Amino acid sequence: MFWTTLLSVLILTASTGTALGAALGLTGLIILHFFAEGATSLALNAVWNVLNEFTLSAIPLFIIMGEILLESGVSQKIYSSLSGIFRHIPGGLLHTNIAVCTVFGAISGSSLSTAAAVGSVAYPEMSKRNYNEPMVVGSLAGGGTLGLLIPPSLSLLIYGALTETSIGKLFMGGILPGILMAILFMLYIFIRCTKNPKLWNSDTYNEEKLSSSIIDLLKIWPIAFLIIAVMGSIVLGIATPTEAAGVGVISSLLLGLFWGDLSKEKIFKCFYNSAITYGSIGFVVVGAVILAQSISILGIPQELIEAIQNMGMSKYYVLTLIVLIYLILGCLFDGLSLMVMTLPIVFPLMTNLGFDPVWLGVIITIMIEIGQITPPVGLNLSVLVAVTDNKVGLGETAIATSPYWILLLFGILIVTIFPSIVLYMPNHLM
């Protein structure tokens, strides 16, 4: 009876075009009213407590930091400096796309911002050099997902705030898997371009020297300073993630003003876009918190845990089912909404089975990355189609991105077999 009501109300509210946050919140309030003796005040208290958390205030700060770097033209400088390193390797600027996405992800925290910033710089340059366009947008869409995994990550930040898991440990846990995925992406590009040289154009790089490439690389030292200022302060225990986010905002403003082309008008635009982005995320969080409160009061996670124990299912079998569920739902919801919506059930279920909370946060983030490049909702795909002015259609972009989709799944398998990839840095550096 309860599950029928839950799914019916959620599907009904979502199908009417209601915003997801409103659909989740309304579903939770209805459940509390009819199944928990009208305990709606508990949901309101839970919302107040979450929005009052000091940790959660880091979210708008990291969003502002990413917007500032996006508007200030810093991505152009990063791309120009890194491109020389990969000029003579089969794949050329395709490798640069992955490398720049990795670096930009370390200062942005957003998959969409990373894909948009790097794509707007890379696509015109590579189009002029006659690179295979589907290969270009595939590398940009796949590389853009690294913005969610490489810290500071909005996904890991929200996960930590909602599950009371250490943000610092989550950030540390995302570093090695993020580097692993970047290496896998580059390895795929290298193999494809070695077998088919027509996918990239090496003729225009013959005159370039390695020494000039190294000099270009040294020019982006301010970015290294920004990464150290933000992540270093967290790792060394000098600052909390929220305080580090504040440092990041100030540092990015200084970089944008003195190293980029940031203006007063662009600063206003950054704060305006950040407010809209945070508002949409916050609305989903509020609705999810209300739904989580209703599910928790009725003991749904405990019932699921007991049912699984009675069936004798192994924890890896359950993990496989969870991955399949995320793959299916990733076709219908954007990544952060999907995570916030499912955490009330998935987190207690998986941690009770013995999975480490930090490891689980990284796994869920990789699943969200897969959702970012899964049609029809895959937001990274839509961003890249817009960047190309519809020269490369959504279907063609999705097909070109499918190898990265598979590699992300392969990444989940690797960190499941070798969980120390995620847990080594949190356990030894924090």
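Here we summarise the structure given alongside this text. Since this is a predicted model, take the numbers as computed values, not measurements.

1. Observations concerning the overall build of the protein chain
In step 1: Scanning the protein chain from terminus to terminus reveals 22 helices and zero strands.
In step 2: Across the 430 residues that make up the protein chain, the buried fraction comes to 55%.
In step 3: Sequence-distant contacts, at least 24 apart, represent 79% of the contacts inside the protein chain between residues at least 6 apart.
In step 4: In the form shown here, the protein chain has an accessible surface area of approximately 18,100 Å², with 68% of it arising from carbon and sulfur atoms.

2. Observations concerning a nonpolar patch on the surface
In step 1: Residues Ile89, Leu187, Phe190 and Ile191 make up a contiguous nonpolar surface patch of about 320 Å² in total accessible area.
In step 2: Relative to the elements of secondary structure, Ile191 occurs in helix α11 (residues 167-195).

3. Comments concerning the packing of aromatic side chains
In step 1: Under the criterion given, the structure shown has six aromatic pairs.
In step 2: Ring centres 5.9 Å apart and planes at 75 degrees place the aromatic pair Tyr159 and Phe347 in the edge-to-face group. Placement of Tyr159 in helix α10 (residues 154-163) and of Phe347 in helix α18 (residues 335-352) is noted, with a sequence separation of 188 residues between them. Across this residue pair, the class does not change: Tyr159 and Phe347 are buried.
In step 3: For the ring pair Tyr188 and Tyr404, a centre distance of 5.3 Å and an interplane angle of 80 degrees mean the geometry is edge-to-face.

4. Some details on the packing of helix α19 (residues 357-372) against helix α21 (residues 394-417)
In step 1: Close contact between α19 and α21 brings their axes to 9 Å; oriented N to C, the two are set at 170 degrees. Between α19 and α21, the angle falls in the class roughly antiparallel. Each of Trp359, Ile363, Ile366, Met367, Glu369 and Ile370 in α19 lies in contact with α21, whose residues at this interface are Trp405, Leu408, Leu409, Ile412, Val415 and Thr416.
In step 2: Grouping the amino acids of the contact of α19 with α21 by side-chain chemistry returns ten nonpolar, one polar and one charged.

5. Details of the pattern of salt bridges
In step 1: Applying the stated criterion to the full structure yields two salt bridges.
In step 2: The partner of Lys266 in a salt bridge is Asp261, and the shortest N-O contact between them spans 3.5 Å.
In step 3: You can call Lys266 partly exposed: its relative accessible area is 24%.
In step 4: The partly exposed category is assigned to Asp261, whose relative accessible area is 45%.

6. Let's talk about the nonpolar core
In step 1: Counting residues in hydrophobic clusters, the biggest one holds 134 residues, and the most contacted among them are Phe62, Met339, Met350, Trp359 and Ile364.
In step 2: In terms of residue count, α11 provides more of this core than any other element does, 13 residues in total.
In step 3: Not counting the four nearest positions on each side in its chain, Phe62 is found in contact with Ser108, Pro152, Leu154, Leu157, Phe171, Val230, Pro241 and Ala245.

7. Some thoughts on the side chain of Thr242
In step 1: Position of Thr242 relative to the elements: it lies in helix α14 (residues 241-258).
In step 2: In this structure Thr242 comes out as buried when scored by relative accessible area, which is 7%.
In step 3: Other than its neighbours up to four places away in sequence, Thr242 contacts Phe54, Thr55, Ser57, Ala58 and Leu61.

8. Some remarks on the environment of Leu44
In step 1: Take Leu44: it is sitting in helix α3 (residues 40-51).
In step 2: Given the relative accessible area of 55%, Leu44 is considered exposed.
In step 3: Note: C-alpha distance between Leu44 and Val286 (242 residues apart in sequence) is 9.3 Å.

9. Observations regarding the environment of Ala23
In step 1: When you line up the elements, Ala23 lands in helix α2 (residues 20-35).
In step 2: With 268 residues separating them in the primary sequence, Ala23 and Leu291 have C-alpha atoms 9.5 Å apart.

10. Remarks on the side chain of Thr365
In step 1: Its location among the elements puts Thr365 in helix α19.
In step 2: With relative accessibility at 0%, the residue Thr365 sits in the buried group.
In step 3: Within the local environment of Thr365, its side chain forms a polar contact with the side chain of Ser155, the two groups lying 3.0 Å apart.
In step 4: Every residue in contact with Thr365, bar those within four places of it in the chain, is listed here: Leu148, Leu149, Ser155 and Leu156.

11. Let's talk about unusual backbone geometry
In step 1: For the bond running from Pro151 to Pro152, omega is 5 degrees, close enough to zero to count as cis.
In step 2: Phi is positive for Asn130, which is not a glycine, with a value near 65 degrees.
In step 3: Secondary-structure assignment places Asn130 in the loop between α7 (111-128) and α8 (133-144).
In step 4: Note on Asn130: relative accessible area 59%, which makes it exposed.
In step 5: In this structure, Glu164 takes a positive phi of about 60 degrees despite not being glycine.
In step 6: As for its placement among the helices and strands, Glu164 is situated in the loop between α10 and α11.
In step 7: By relative accessible area, which is 72% here, Glu164 ends up exposed.

Criteria and cut-off values
Residues numbered from 1 in each chain as written. Predicted model: local features only at pLDDT ≥ 70, side-chain atom pairs only at ≥ 80, totals over all residues. Heavy atoms only, no water. Helix = DSSP H or I, 4+ residues; strand = E, 2+ residues; numbered from the N terminus. Buried < 20%, exposed > 50% of the residue type's maximum accessible area, 1.4 Å probe, protein only. Contact = heavy atoms within 4.5 Å. Areas by Shrake-Rupley, 256 points an atom, 1.4 Å probe, with all protein chains shown as cover. Patch = residues over 30% accessible without salt bridge, like charges linked within 9 Å, V, L, I, M, F, W, Y side chains within 5 Å. Salt bridge = Lys/Arg side-chain N within 4 Å of Asp/Glu carboxyl O. Phe/Tyr/Trp six-rings, centres within 6.5 Å; stacked < 30°, edge-to-face > 60°. Axes fitted to C-alpha atoms, helices over the stretch in contact; angles between N-to-C directions. Parallel < 35°, antiparallel > 145°, perpendicular 65-115°, else oblique. Nonpolar A, V, L, I, M, F, W, Y, C, P; charged D, E, K, R; others polar. Core = buried A, V, L, I, M, F, W, Y, C linked by side-chain atoms within 4.5 Å. Polar contact = N/O pair within 3.5 Å; in protein donor to acceptor, adjacent residues only side chain to side chain.

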